[in-house]
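Observations on the three-dimensional arrangement
Okay, here's what each chain looks like letter by letter:
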Amino acid sequence: SLLAMQSAASADSTKSYDEQYPGTAVQRMLAIRDRVRSLNSDATNLNGDWENVRRNILWAGGLKDLPNAAPGAGYTGHSFNDFNHCDLTAMLGEYSTAENRGRVAGIHQSNQLGAGIR
């Protein structure tokens, strides 16, 4: 739960974890929330040209805009541009090489996220 995550983060800032979602990078998630709160709906943040809005969302998520990187090597040009690339998840590095293996329908079996997360 959110309360459990916040409590875990408050109790130990170096080893925060979420028991329900153990792959969550809690400290990273809390920093993302702070950056999201700093965005506003003026023309420079969340309105206007979609590419600028998309870059602001990437920034809030702690991600670099890497539209020219190869897919699988940190490419972010597709982020938030379709039904499949619409989430922003704070994932611990040790989970970044986990594979789908058919657990989520419509997602490639081997969807490596490691390079994009690092």
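You'll find the structure just up there.
Predicted, not measured: the structure shown is a model, and the values here were computed from it.

For the rest of this paragraph, the subject is unusual backbone geometry. The backbone phi angle of Phe80 is positive, close to 65°, even though this residue is not glycine. Turning to its location among the elements, Phe80 is positioned in the loop between α3 (50-60) and α4 (114-117).

Owing to its 3.6 residues per turn, the α-helix brings residues three or four apart onto one side. Taken together, the buried positions of α3 are Val53, Arg54, Asn56, Leu58 and Ala60. Those residues of α3 hidden inside the fold are in contact with α2 (26-38). Downstream of α3 by a residue or two, Gly62 has a phi angle that is positive, lying close to 80°.

Take the pattern of salt bridges next. For the coordinates displayed, the defined rule picks out 4 salt bridges. For the salt bridge of Glu51 with Arg54, the shortest nitrogen-to-oxygen distance reads 3.0 Å. Of this pair, Glu51 and Arg54 both sit in helix α3, 3 residues apart, which is roughly one turn of that helix. According to the relative accessible area criterion, Glu51 is partly exposed, its value standing at 27%. Its relative accessible area of 1% is what places Arg54 among the buried residues. Two residues, Asp65 and Arg54, come together in a salt bridge whose shortest N-O distance is 3.1 Å. Taken together, the residues Asp65 in the loop between α3 and α4 and Arg54 in helix α3 connect sequence positions 11 residues apart. When salt bridges that share partners are traced, they join Glu51, Arg54, Arg55 and Asp65 into one network.

Now for the side chain of Thr24. With respect to the helices and strands, the residue Thr24 is situated in the loop between α1 (2-11) and α2. Excluding its chain neighbours within four sequence positions, the residues that come into contact with Thr24 are Asp18, Met29, Ala90 and Leu92.

Attention now moves to the environment of Asp87. Structurally, Asp87 can be placed in the loop between α3 and α4. Classification of Asp87 by relative accessible area gives exposed; the value is 63%. C-alpha separation for the pair Asp87 and Gly61, spaced 26 residues apart in sequence, amounts to 10.0 Å.

Conventions we followed
Residues numbered from 1 in each chain as written. Predicted model: local features only at pLDDT ≥ 70, side-chain atom pairs only at ≥ 80, totals over all residues. Heavy atoms only, no water. Helix = DSSP H or I, 4+ residues; strand = E, 2+ residues; numbered from the N terminus. Buried < 20%, exposed > 50% of the residue type's maximum accessible area, 1.4 Å probe, protein only. Contact = heavy atoms within 4.5 Å. Salt bridge = Lys/Arg side-chain N within 4 Å of Asp/Glu carboxyl O.

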